[in-house]
Amino acid sequence: MTTTTDAADPRIAVAHGDGIGPEIMDATLEILDAAGASLDVAEVRLGKAVYESGVASGVDPDAWSVLRDRSVLLKAPITTPRGGGYKSLNVTLRKSLGLFANVRPAVSYHPFVATLHPNMDVLVVRENEEDLYAGIEHRQSDEVVQCLKLVSRPGCEKIVRYAFEVARAQGRHRVTALVKDNIMKLTDGLFARVFEEVAEEYPEIEHDQLIVDIGTARLADTPQDFDVVVTLNLYGDIVSDVTAQLTGSVGLAPSANVGETVSMFEAIHGSAPDIAGRGIANPSGLLLAAVMMLQHLGRGEVAERIHNAWLRTIEDGVHTGDVYRQEVSRERVNTVGFTEAVVARLGEEPRHLPPARYAGRPAPRVPRTVARTPQRKELLGTDAFVEWRDHGRDPERLAERVQQQQGELTLQAITNRGVVVWPGGQPETFRSDHWRLRFLDPSGGPVSPRALVDLHGRLVDAGLDVIKTENLYAFDGERGFSQAQGE
Ligand code: NAD
């Protein structure tokens, strides 16, 4: 790779990774060099050897300062050693470096790579830091466990705005949000609301929202109808695997993890230990990740040159074993052969597939978190959760016991896993040992924090096993908590 560098050369960090990592990284860097990418490269150590040296995160302690200094990492896949105690390296990098957006293009290369969807070109932008992936889980009763879904307004604003920024930078025409706000009115509802607000800043780009279930079904059926998809972490995790699989070429797919200051680019496949060291791995996923990196660095011209040479290579039927098919392939090559074929085509364009056009396009702007004035917050009551199995789990008996204790706040409803079982309720509703008691001031007005503490104390004195409480607030007069089903 480039040894003599210019002060103006982009400075990046690279990690050669494990398994096939070093082979495909060498191939990628050779192509970048031949294309004139002119990068100033510093190596960082990540992966198996670092894990085995006793660092549980798999990230060499010296790597952090290099990553911060260089702010861009091109990463080959790594191997997570078997056995317990090792933390996911990708999760560590994502969370530690604030890599809030995961961006995965899913493109089909019909007829050169077999696929059921010949005209697919979808970009999935997945929120990367929040949602159920905060990993905050608790066992609260003998029967019930919970996982907290946390969604923040700044998190939604950043990811949605980045999706529109990428759409604008790539000349894409529509952004579709996938949400489940018909059920999760506060969390997914916030994402959906922010999506509508941010979309107004990009009038030249169409936007629409779909419920994630039907949206994913339609994506799997007619992916050619989609352009950019933006969604929350868990849905994005699933949807981006679905779209990668649909292209028929998971091994060719790249991804970017973008943060406010640091960004990381990699292939979506792993370290393929089964073929490591044989020189037959396909470097395309990592190479296309490097193409995304060059766009991020504002080097659209070189990105375009490499991407078009690569498309021409695929079109010319020069294929590594993983995509080789007798009907369409002309030459079966190893990693070195593929690399040489791409280098030989630098300056050429594909003749059948649509050519890449990045030259002259600005890099997508990475949005910053914007401070805002907090809304007026009022305490209205509490949801107290109790574990309870007495009296055949009859909610009337639970209500009687609670009502003897309630004081300033009154019991409004009892729910079991979100369904109202008191007052009213249906005898068929399954009752776990996990009950929610909703307390509000009878006048509907604000209550003091002390009233909640007193209530908690009285419930405990009554022998109830309070497993958690959740305060009920209004923000600028709007209720900040969901109604129960049947309330
Ligand atoms: P894998 O993606 O490494 O391999 C799955 C199959 O695809 C294998 O048959 C492999 O030979 C093939 N394959 C993958 N990439 C290829 C390429 N570029 N060219 C040709 N064939 C290719 O998945 P796995 O076997 O489940 O995981 C292996 C290791 O990779 C594990 O230790 C896993 O933890 C790690 N992993 C790392 C990352 C990452 O660093 N981002 C991602 C996924 C898995």
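Here the structure is a predicted model, which is why all the values come from computation and not from measurement.

A. Region of the structure containing the sheet that holds strand S12 (residues 263-267). What the 10 strands build is an open sheet, ordered S2-S1-S3-S12-S11-S4-S5-S10-S8-S9; its pairing is mixed. Two strands lie at the open edges of the sheet, namely strand S2 (40-43) and strand S9 (206-211), each paired on one side alone. Put simply, the sheet's adjacent strands are angled 20° from each other on average, direction ignored. Where strand S4 (residues 101-107) meets strand S11 (residues 254-258), three bridges bridge the pair, whose relative direction is antiparallel. The residue of S11 that forms the bridge with Val103 is Ala256. Lying over the sheet, helix H1 (residues 21-34) contacts strand S1 (11-15) and strand S3 (72-75), oriented at roughly 125° with respect to S3. Helix H5 (residues 153-169) contacts S4, strand S5 (121-127), strand S8 (174-179), S9, strand S10 (228-231) and S11 of the sheet and is inclined by roughly 160° relative to S5.

B. Structural view of the side chain of Asp227. Positionally, Asp227 belongs in the loop between helix H7 (212-221) and S10. One polar contact links the side chain of Asp227 to the main-chain amide nitrogen of Arg174, over a distance of 3.3 Å. Among all residues touching Asp227, those that are not within four sequence positions of it are Asp121, Val122, Leu123, Arg172, His173 and Arg174.

C. Here's a closer look at a negative patch on the surface. A cluster of acidic residues, Asp26, Glu30, Asp33 and Glu340, forms a negative patch at the surface. A per-element tally of the negative patch places H1 first, with three residues. Examined against the element boundaries, Asp33 turns out to sit in helix H1. Classification of Asp33 by relative accessible area gives partly exposed; the value is 35%.

D. Main features of empty space enclosed by the protein. With the rule as written, the count across this model stands at one cavity of 30 Å³ or more. Looking at the largest cavity, its volume works out to about 30 Å³.

E. The domain arrangement of the protein chain, seen in detail. Here the domain parsing of the protein chain yields domain 1 (1-99 + 252-363), domain 2 (121-246) and domain 3 (377-479). Using only C-alpha atoms to locate each centre, domain 1 and domain 2 end up separated by 26 Å. In this complex, domain 1 contributes 12 residues to the contact, which on the side of domain 2 involves 11 residues. Buried area between domain 1 and domain 2, summed over both chains or domains, comes out near 930 Å², and the portion from carbon and sulfur atoms is 45%. Of all residues in domain 1, the largest losses of buried area upon contact with domain 2 belong to Arg94, Lys95 and Arg361, amounting jointly to 42% of the total for that side. Where Lys158 meets Glu260, a salt bridge forms, and the shortest distance between an N and an O atom there is 3.3 Å. Sorting the residues of the side of domain 1 that touches domain 2 by element identifies helix H4 (89-96) and S11 as the ones contributing at least two each. Here the side of domain 1 that touches domain 2 is built from residues that sort into five nonpolar, three polar and four charged.

F. Region of interest: the sheet that holds strand S17 (residues 419-422). The strand order across the open sheet formed by six strands is S17-S16-S18-S15-S19-S20, and the pairing between neighbours is antiparallel. Because the sheet does not close on itself, it has two edges, and the strands there are S17 and strand S20 (478-479). As paired elements, strand S19 (residues 465-475) and S20 share two bridges and run antiparallel to each other. Across the sheet, the residue bridging to Ala474 is Arg479, located in S20.

Quick notes on the rules
- Residues numbered from 1 in each chain as written.
- Predicted model: local features only at pLDDT ≥ 70, side-chain atom pairs only at ≥ 80, totals over all residues.
- Heavy atoms only, no water.
- Pairing = 2+ DSSP bridges.
- Helix = DSSP H or I, 4+ residues; strand = E, 2+ residues; numbered from the N terminus.
- Axes fitted to C-alpha atoms, helices over the stretch in contact; angles between N-to-C directions.
- Contact = heavy atoms within 4.5 Å.
- Polar contact = N/O pair within 3.5 Å; in protein donor to acceptor, adjacent residues only side chain to side chain.
- Patch = residues over 30% accessible without salt bridge, like charges linked within 9 Å, V, L, I, M, F, W, Y side chains within 5 Å.
- Areas by Shrake-Rupley, 256 points an atom, 1.4 Å probe, with all protein chains shown as cover.
- Salt bridge = Lys/Arg side-chain N within 4 Å of Asp/Glu carboxyl O.
- Lys, Arg positive; Asp, Glu negative; His and termini not counted.
- Charge placed at Lys NZ, Arg CZ, Asp CG, Glu CD.
- Buried < 20%, exposed > 50% of the residue type's maximum accessible area, 1.4 Å probe, protein only.
- 1 Å grid on protein atoms, 1.4 Å probe; cavity = no way out; pocket = protein on both sides within 12 Å on 5 of 7 lines; lining within 4 Å.
- Points joined across faces, edges and corners; volume = space filled by probe spheres on them.
- Domains from an automatic or database assignment.
- Buried area = accessible area lost by both parts, 1.4 Å probe.
- Nonpolar A, V, L, I, M, F, W, Y, C, P; charged D, E, K, R; others polar.

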